[in-house]
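Coordinates in review
These are the residues of each chain, in order.
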Amino acid sequence: MSKLAVFDFDSTLMDGETIDFLAAPLGLEEQVASITERAMAGELDFYKSLRARVALLEGLEEEKVNAICSDLPMMPGAQEVVAGLKERGYTVVCFSGGFRNATKPACERLGINADFSNFLHAENGILTGEVGGEMMYSEAKGDMIVRMQGLLGAGREDTLVVGDGANDLSMFAHADTRIAFCGKPVLKEAATHCVDTKDLREILKVVDAI
């Protein structure tokens with residue numbers, strides 16, 4: 001039987017929110033961060049909040065975006081947890097409501113098997129403020145995890161999910177091991193385990209105790 005581990009990216013595999021890092025050069029960090037905070041707490045519709053935040057990035061150079069995204073801080077223990085889960089027979093995947101510019105280089109470095117995220121639209125090397133992709137909606141992670149389970153032949157009893165915010169709830173519905181990592185209260189309520197230390201290696205302890 002295959003085993004599947006799915007991680008959120010922002011504030012889970014990566015220490016922070018990609019969009020906040022991107023908003024900083026435009027001086028919009030606080031404005032964007034306040035929308036992110038409300039969306040992760042489940043107070044705002046994820047799709048609407050994502051579009052509102054990305055619209056603020058209009059005019060940012062794609063080159064600058066890629067430079068920022070290639071240098072994001074990984075969460076302590078990220079490398080070790082991915083390697084450890086793979087040693088234990090898991091296929092490790094990343095689902096992100098954020099952006100491919102960030103998830104692709106990070107997941108390649110971490111040795112993650114696949115990543116699914118959204119795309120920032122650009123014209124002539126400049127962001128248009130538009131976004132598209134398969135992780136745009138609050139239900140997207142849930143829909144994708146069901147597809148992954150089908151592809152791998154992994155049941156919910158063989159599925160581990162790790163996230164921090166409200167948009168991870170839909171994937172939590174399809175896994176028996178649900179870890180809220182430094183999570184928002186709305187996600188902790190749906191979790192089987194909570195890790196409140198910023199160290200992803202704690203997840204291996206949870207897995208080994210199951």
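Everything here concerns the structure above.
Keep in mind that this is a model prediction, so the values were computed, not measured. (Residues numbered from 1 in each chain as written. Predicted model: local features only at pLDDT ≥ 70, side-chain atom pairs only at ≥ 80, totals over all residues. Heavy atoms only, no water.)

Details of the overall build of the protein chain
- Helix and strand counts for the protein chain come out as ten helices and seven strands.
- Taking 2.2 N^0.38 as the reference for a compact globule, 210 residues should give roughly 17 Å; the C-alpha atoms of the protein chain span a radius of gyration of 16 Å, in line with that estimate.
- Considering only C-alpha atoms, the protein chain reaches an extent of 50 × 35 × 30 Å along its principal axes.
- Of all 210 residues assigned to the protein chain, the portion counted as buried reaches 52%.
- Carbon and sulfur atoms make up 48% of the accessible area of the protein chain, which totals about 9,100 Å².
- Looking at charge distribution, the protein chain has the averaged site of its 20 positive side-chain charges lying 3 Å from that of its 34 negative ones. (Helix = DSSP H or I, 4+ residues; strand = E, 2+ residues; numbered from the N terminus. Rg over C-alpha atoms; globule rule 2.2 N^0.38 Å. Buried < 20%, exposed > 50% of the residue type's maximum accessible area, 1.4 Å probe, protein only. Areas by Shrake-Rupley, 256 points an atom, 1.4 Å probe, with all protein chains shown as cover. Lys, Arg positive; Asp, Glu negative; His and termini not counted. Charge placed at Lys NZ, Arg CZ, Asp CG, Glu CD.)

Thoughts on the layout of surface pockets
- Within this model, the largest pocket holds a volume of roughly 190 Å³.
- The wall of the largest pocket is formed by 14 residues, among which Ser11, Glu17, Glu37, Asp164 and Lys184 lie closest to the centre.
- At four residues, helix α2 (residues 29–40) tops the list of elements feeding residues into the lining of the largest pocket.
- The residue makeup of the lining of the largest pocket, split by class, is four nonpolar, three polar and seven charged. (1 Å grid on protein atoms, 1.4 Å probe; cavity = no way out; pocket = protein on both sides within 12 Å on 5 of 7 lines; lining within 4 Å. Points joined across faces, edges and corners; volume = space filled by probe spheres on them. Nonpolar A, V, L, I, M, F, W, Y, C, P; charged D, E, K, R; others polar.)

Looking at the sheet that holds strand β3 (residues 114–123)
- A sheet is described by the order of its strands in space; here seven strands give the open sequence β4-β3-β2-β1-β5-β6-β7, paired in mixed fashion. Among the strands making up the open sheet, the edge pair consists of β4 (126–133) and β7 (193–195). Direction aside, neighbouring strands of the sheet carry axes that sit 25 degrees apart on average.
- Here four bridges tie strand β5 (residues 159–163) to strand β6 (residues 177–181), and the two strands are oriented parallel to one another. By the bridge assignment, Gly163 is partnered in β6 with Ala180. (Pairing = 2+ DSSP bridges. Axes fitted to C-alpha atoms, helices over the stretch in contact; angles between N-to-C directions.)

Digging into the packing of aromatic side chains
- Taken as a whole, this structure holds two aromatic pairs when the rule is applied.
- When the ring of Tyr47 is compared with that of Tyr137, the centres are 4.6 Å apart and the planes differ by 15 degrees; the resulting orientation is stacked. Separated by 90 residues along the polypeptide, Tyr47 in helix α3 (residues 46–55) and Tyr137 in the loop between β4 and α7 (140–152) bring together distant segments of the chain.
- According to the relative accessible area criterion, Tyr47 is partly exposed, its value standing at 22%. (Phe/Tyr/Trp six-rings, centres within 6.5 Å; stacked < 30°, edge-to-face > 60°.)

So, empty space enclosed by the protein
- Considering all chains together, one arrives at one cavity of 30 Å³ or more under this definition.
- Reported here for the largest cavity is a volume of approximately 120 Å³.
- As for the largest cavity, its lining consists of 13 residues, of which Asp10, Glu17, Phe46, Gly97 and Gly98 are closest to the centre.
- For the lining of the largest cavity, the elements supplying multiple residues, two or more each, are α1 (18–23), α3 and β2 (90–99).

What to know about the nonpolar core
- Counting residues in hydrophobic clusters, the biggest one holds 49 residues, and the most contacted among them are Phe7, Leu22, Leu85, Leu160, Leu200 and Ile203.
- In terms of nonpolar packing, the next biggest core, distinct from the first, is built from 18 residues, Met135, Ile145, Ala154 and Phe172 among them. (Core = buried A, V, L, I, M, F, W, Y, C linked by side-chain atoms within 4.5 Å.)

Points about the environment of Phe46
- Here Phe46 is to be found in helix α3.
- Spatially, the C-alpha atoms of Phe46 and Ala166 are 8.5 Å apart, while their sequence positions differ by 120 residues.
- For Phe46, the residues in contact, after removing those within four places along its chain, are Met40, Arg53, Gly97, Met135, Met136, Tyr137, Ser138 and Asn167. (Contact = heavy atoms within 4.5 Å.)

A short note on the environment of Glu58
- Summarising the element assignment, Glu58 is placed in the loop between α3 and α4 (62–69).
- Classification of Glu58 as exposed rests on a relative accessible area of 55%.
- Considered as a pair, Glu58 and Val81 are 23 residues apart in the sequence and their alpha carbons are 35 Å apart.
- When residues no more than four places from it in sequence are discounted, the contact partners of Glu58 are Leu127, Thr128 and Gly129.

Structural notes on the environment of Ala102
- Residue position: Ala102 is located in helix α6 (residues 100–110).
- In this structure Ala102 comes out as buried when scored by relative accessible area, which is 0%.
- Sequence separation between Ala102 and Ala5 is 97 residues; the distance between their C-alpha atoms is 20 Å.
- Residues within four places of Ala102 in sequence aside, it is in contact with Phe9, Thr18, Cys69 and Leu72.

The values reported here are purely geometric and, on their own, carry no functional implication.
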